[in-house]
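Here is how the chains run, residue by residue.
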Amino acid sequence: MADPEWHTLDAHEVEQVQATWKAVSHDEVEILYTVFKAHPDIMAKFPKFTGKDLEAIKDTADFAVHASRIIGFFGEYVTLLGSSGNQA
């Protein structure tokens, strides 16, 4: 359940998050690889990758497509930050 005490970012914080995201978001495969490497339990939640060697699947088309989808979702979220219509 979400915390009812939402933290809203001020305009400067939103700019920082969006600028940082813009600088790294083009490297979808590396982002997802790094997350899975640091938190293998997350990788286990994706049936397509469960039980597979991360190093072996990192450079596959399936992994790239999946990374693009996930990073694209987060990109949409970052784009919406700071919009008054998206407040809790």
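Our structure's up above, just so we're on the same page.
Read on for a plain summary of the structure. Since the structure is predicted, the reported quantities are computational estimates derived from the model, not experimental observations.

What counts, and where the lines are drawn
Residues numbered from 1 in each chain as written. Predicted model: local features only at pLDDT ≥ 70, side-chain atom pairs only at ≥ 80, totals over all residues. Heavy atoms only, no water. Salt bridge = Lys/Arg side-chain N within 4 Å of Asp/Glu carboxyl O. Helix = DSSP H or I, 4+ residues; strand = E, 2+ residues; numbered from the N terminus. Buried < 20%, exposed > 50% of the residue type's maximum accessible area, 1.4 Å probe, protein only. Expected span 1.5 Å × (residues − 1). Polar contact = N/O pair within 3.5 Å; in protein donor to acceptor, adjacent residues only side chain to side chain. Axes fitted to C-alpha atoms, helices over the stretch in contact; angles between N-to-C directions. Parallel < 35°, antiparallel > 145°, perpendicular 65-115°, else oblique. Contact = heavy atoms within 4.5 Å. Core = buried A, V, L, I, M, F, W, Y, C linked by side-chain atoms within 4.5 Å.

If charged atoms from side chains of opposite charge come close, those side chains can pair. Taken as a whole, this structure holds three salt bridges when the rule is applied. Between Glu 55 and Lys 37 there is a salt bridge; the shortest N-O distance is 3.1 Å. Separated by 18 residues along the polypeptide, Glu 55 in helix H4 (residues 54-57) and Lys 37 in helix H2 (residues 28-38) bring together distant segments of the chain. For Glu 55, a relative accessible area of 41% corresponds to the partly exposed category.

Let's shift gears to helix H1 (residues 11-24). Here H1 is 14 residues long and its end C-alpha atoms lie 20 Å apart, about the 20 Å a rise of 1.5 Å per residue gives. At the N-terminal boundary of H1, the capping side chain belongs to Asp 10, with an oxygen 3.0 Å from the backbone nitrogen of His 12.

Helix-helix packing: each pair is described by the crossing angle between the helix axes and the interaxial distance. The interhelical angle for the contact between H2 and helix H5 (residues 61-80), taken along N-to-C directions, is 90 degrees, at an axis separation of 8 Å. As far as their axial angle goes, H5 and H2 are roughly perpendicular. Across the interface between the two elements, Glu 28, Val 29, Ile 31, Leu 32, Tyr 33 and Phe 36 from H2 touch Phe 63, Ala 64, His 66, Ala 67, Ser 68, Ile 70 and Ile 71 from H5.

Let us now look at the nonpolar core. Among the nonpolar cores identified, the biggest contains twelve residues, and these are Ile 31, Leu 32, Tyr 33, Phe 36, Met 43, Phe 49, Leu 54, Ile 57, Phe 63, Ala 67, Ile 70 and Ile 71. Mapped onto this core, the elements with two or more residues apiece are H2, H4 and H5. Ignoring anything within four residues of it in the chain, the contact list for Ile 31 reads Val 24, Ser 25 and Ile 71.

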